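# An overview of the molecular structure
What follows is the residue order along each chain.
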Amino acid sequence: MIKSKILFAAFIGTFFYTLISLIAGRNGLICYSHLKDEKIRISLQTSQIESINKELNFTLTALKNDKDLIRCYAHKLDYVQDNEKIVKIRGLKPFQNNLYDPGTVLRHTEEKYIPENILKAIGIIFFLLSFMIFILIDILKGNISFKIKKEKTVIQGIPVYEMPQI
């Protein structure tokens, strides 16, 4: 009977250890959610950088092959060709439309989880509490008593009862 109580208390302790570990442990659902959010942030940043890279590659290819585009970029940088005249208007700042924002620096943040030794301690605490509750229930039901039973005195096979004298 006591073995089954110990076994059931061990089951309860193991169950709570597993449950809390599944939710808040190192590989639990909370850490998984955090890593999933971080993966989404990184993939968005990566896609932005890839689109900037494609645009820059397109511009590079165009600059290598298109002489009119080279002339436009040279004029933006105040270069002129022979026999060309340039008119400058004071007070106007040069227009630059190709500012590429490579994004922000993404830093890995550590996941918050409950360490394994604390999870084991919680499991042991639940085991001890449930075992104590089972023992208290048995005491209240009367299955376990702490009264000392007097042994019967037997003289040559005849039981002797101690009775008060009148």
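Reading guide: rules and limits
- Residues numbered from 1 in each chain as written.
- Predicted model: local features only at pLDDT ≥ 70, side-chain atom pairs only at ≥ 80, totals over all residues.
- Heavy atoms only, no water.
- pLDDT = per-residue confidence, 0-100.
- Helix = DSSP H or I, 4+ residues; strand = E, 2+ residues; numbered from the N terminus.
- Buried < 20%, exposed > 50% of the residue type's maximum accessible area, 1.4 Å probe, protein only.
- Polar contact = N/O pair within 3.5 Å; in protein donor to acceptor, adjacent residues only side chain to side chain.
- Patch = residues over 30% accessible without salt bridge, like charges linked within 9 Å, V, L, I, M, F, W, Y side chains within 5 Å.
- Areas by Shrake-Rupley, 256 points an atom, 1.4 Å probe, with all protein chains shown as cover.
- Salt bridge = Lys/Arg side-chain N within 4 Å of Asp/Glu carboxyl O.
- Axes fitted to C-alpha atoms, helices over the stretch in contact; angles between N-to-C directions.
- Left-handed = near helix turned anticlockwise from the far one by under 90°.
- Contact = heavy atoms within 4.5 Å.
- Nonpolar A, V, L, I, M, F, W, Y, C, P; charged D, E, K, R; others polar.

### Here's the deal with the confidence of the model for the chain
Atomic detail in the predicted coordinates should be set aside for any region of low pLDDT. With 81% of its residues at a pLDDT of at least 70, the chain reaches an overall mean of 83. When pLDDT is averaged over each element of the chain, helix H4 (residues 116-141) comes out on top at 94 and strand S1 (residues 153-155) at the bottom at 58.

### Overview of the environment of threonine 109
With respect to the secondary-structure elements, threonine 109 resides in the loop between helix H3 (67-76) and H4. Taking the relative accessible area as the measure of exposure, threonine 109 reaches 36% and is therefore partly exposed. Spatially, the C-alpha atoms of threonine 109 and histidine 34 are 9.2 Å apart, while their sequence positions differ by 75 residues. At 3.0 Å, the side chain of threonine 109 forms a polar contact with the side chain of histidine 34.

### Concerning a nonpolar patch on the surface
Among the surface-exposed residues, Phe8, Phe11, Phe15, Leu19, Leu22, Ile23, Leu29 and Ile30 lie close enough to one another that they form a single nonpolar patch of about 780 Å² accessible area. If you list the elements that add at least two residues to the nonpolar patch, you get helix H1 (2-24) and helix H2 (29-65). Looking at the nonpolar patch, the element that brings in the most residues is H1, giving 6 residues. Tracing the backbone shows isoleucine 23 in helix H1.

### Focus on H3
For H3, the side-chain oxygen to backbone nitrogen distance between the N-cap and aspartate 68 is 3.3 Å, and the N-cap itself is aspartate 66. Positioned one or two residues after H3, aspartate 78 has a phi angle of 65 degrees, which is positive.

### Things to note about the packing of H1 against H4
Contact geometry of H1 with H4 gives a least axis separation of 8 Å together with a crossing angle of 145 degrees. In this structure, the crossing between H1 and H4 has a hand that is right-handed. Within the contact between the two elements, H1 uses Ile2, Lys5, Ile6, Phe8, Ala9, Ala10, Ile12, Gly13, Phe16, Tyr17, Ile20 and Ser21 and H4 uses Glu116, Leu119, Lys120, Ile122, Gly123, Phe126, Phe127, Ser130, Phe131, Phe134, Ile135 and Asp138. Residue composition of the contact of H1 with H4, grouped by class: 16 nonpolar, 4 polar and 4 charged.

### Quick look at the pattern of salt bridges
One pass over the full model with this rule turns up 2 salt bridges. For the salt bridge of lysine 5 with aspartate 138, the shortest nitrogen-to-oxygen distance reads 3.2 Å. With a gap of 133 residues between them, lysine 5 in helix H1 and aspartate 138 in helix H4 connect regions that are remote in the sequence. The salt bridge involving arginine 71 is made with aspartate 68; its shortest N-O contact spans 3.1 Å. Here the residue arginine 71 and the residue aspartate 68 both occupy positions in helix H3, the gap between them amounting to 3 residues, near one helical turn. Its relative accessible area of 47% is what places aspartate 68 among the partly exposed residues.

### Looking at the side chain of lysine 5
Judged by relative accessible area, lysine 5 falls into the buried class, the value being 11%. Sequence-distant contacts of lysine 5, defined by excluding residues within four places in its chain, comprise Phe131, Phe134 and Asp138.

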